[in-house]
Amino acid sequence: MNKKILIVDDEQSIVTLLQYNLQQAGYDVSVAMDGEEGLNKAMEERFDMIVLDLMLPKKDGIEVCKELRQHKIHTPILMLTAKDDEFDKVLGLELGADDYMTKPFSPREVVARVKAILRRMQQMTGNAEAPKVDEDTSEKIVIGDVKILPEHYEAYFREERLELTPKEFELLVYLSKNKGRVLTRDQLLSAVWNYDFAGDTRIVDVHISHLREKIETDTKKPTYIKTIRGLGYKLEEPKIHE
């Protein structure tokens, strides 16, 4: 079955261009011309990916992204904007977007980015058509009160399931598989985002902050994800008396 992509953009020329190129790449494409319509479609139907413009009538992309995440819809979101604005970029990612592209861009670049995101999702979750694997026999990562089941695309803290965006989950898995190692922001950017995000390591800091909010008792005194000043981050087993 082909992957389903939702394009939410009010510029007909861009919609036509993206729709044609994504369909040529083998995707099933739906379109919404404003934020309200896009939000409704995303909540009524399951999509594998959403390409979401920032500046939209009725509801802007930030609001759409925020409401989807509030409703626990964690479909990967590629946000588009005509603004090369640092605040917009960080805000969009803080609210749950997974990737970000600034207009103008080539359709080929968008298709390549969509493929990369979907490929990483597939690697994280395994083959969706494969039978469910018993938790007892599947890969399990346990660090303190954090339990991660990569094959099930699930993570738990103190036995409560964590609500993570795709990027937060990928980052947690990568940190956990490198437990005890100091990882620079550039290393994390390259490994988790899989391409050079124009050297913008603030994106890493935003996602680290989100993870800490979900697995740390006190985010100001983290026991799992430690900041190694001047270097980067390290995930480690919490000390019993911390």
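Everything that follows concerns the structure shown earlier in this document.
Values in this document were obtained by computation on a predicted structure and should not be read as measured data. (Residues numbered from 1 in each chain as written. Predicted model: local features only at pLDDT ≥ 70, side-chain atom pairs only at ≥ 80, totals over all residues. Heavy atoms only, no water.)

**Overview of helix H8 (residues 202-215)**
A rise of 1.5 Å per residue sets the reference length of H8, with its 14 residues, at 20 Å; its end C-alpha atoms lie 20 Å apart and thus fit the reference within 8%. Within the sequence span of H8, burial applies to Ile-203, Val-204, Val-206, His-207, Ile-208, His-210, Leu-211, Arg-212 and Ile-215. (Helix = DSSP H or I, 4+ residues; strand = E, 2+ residues; numbered from the N terminus. Expected span 1.5 Å × (residues − 1). Buried < 20%, exposed > 50% of the residue type's maximum accessible area, 1.4 Å probe, protein only.)

**A short note on the sheet that holds strand E7 (residues 146-149)**
Strand order in this open sheet of four strands is E6-E7-E8-E9, and the pairing throughout is antiparallel. Of all strands in the sheet, those with a lone pairing partner are strand E6 (141-143) and strand E9 (160-161), marking the two edges. As paired elements, E6 and E7 share three bridges and run antiparallel to each other. Of the residues in E7, the one forming a bridge with Val-142 is Lys-147. Along the sheet face, helix H6 (residues 166-177) touches E6, E7 and strand E8 (154-157) and points at about 110° away from the line of E7. (Pairing = 2+ DSSP bridges. Contact = heavy atoms within 4.5 Å. Axes fitted to C-alpha atoms, helices over the stretch in contact; angles between N-to-C directions.)

**What about the pairing of strand E2 (residues 28-32)?**
Summarising the sheet, strand E1 (residues 4-8) and E2 pair through five bridges and their orientation is parallel. The partner of Leu-6 across the bridge, within E2, is Ser-30. On the question of chirality, the crossover connecting E1 to the parallel E2 by way of helix H1 (residues 12-24) is right-handed. (Right-handed = clockwise from strand over helix to strand, strands pointing away.)

**So, the packing of H6 against helix H7 (residues 185-193)**
Orientation of H6 relative to H7, taken along the N-to-C sense of each, is 120°, at an axis distance of 10 Å. By the angle between their axes, H6 is oblique relative to H7. In the packing of H6 onto H7, the handedness of the crossing is right-handed. Listed contacts from H7 to Lys-167, Glu-170, Leu-171, Tyr-174 and Leu-175 of H6 are Leu-188, Ala-191, Val-192 and Trp-193. Taken together, the residues that form the contact of H6 with H7 break down as seven nonpolar, no polar and two charged. (Parallel < 35°, antiparallel > 145°, perpendicular 65-115°, else oblique. Left-handed = near helix turned anticlockwise from the far one by under 90°. Nonpolar A, V, L, I, M, F, W, Y, C, P; charged D, E, K, R; others polar.)

**Comments concerning the packing of H7 against H8**
Following both chains from N to C, one finds H7 and H8 inclined at 80°, their axes separated by 9 Å at the closest point. When the interaxial angle is binned, H7 and H8 end up roughly perpendicular. Here H7 contributes Arg-185, Leu-188, Leu-189 and Trp-193 to the contact with H8, which in turn contributes Ile-203, Val-204, Asp-205 and His-207. Partitioned by chemical class, the residues of the contact of H7 with H8 number five nonpolar, one polar and two charged.

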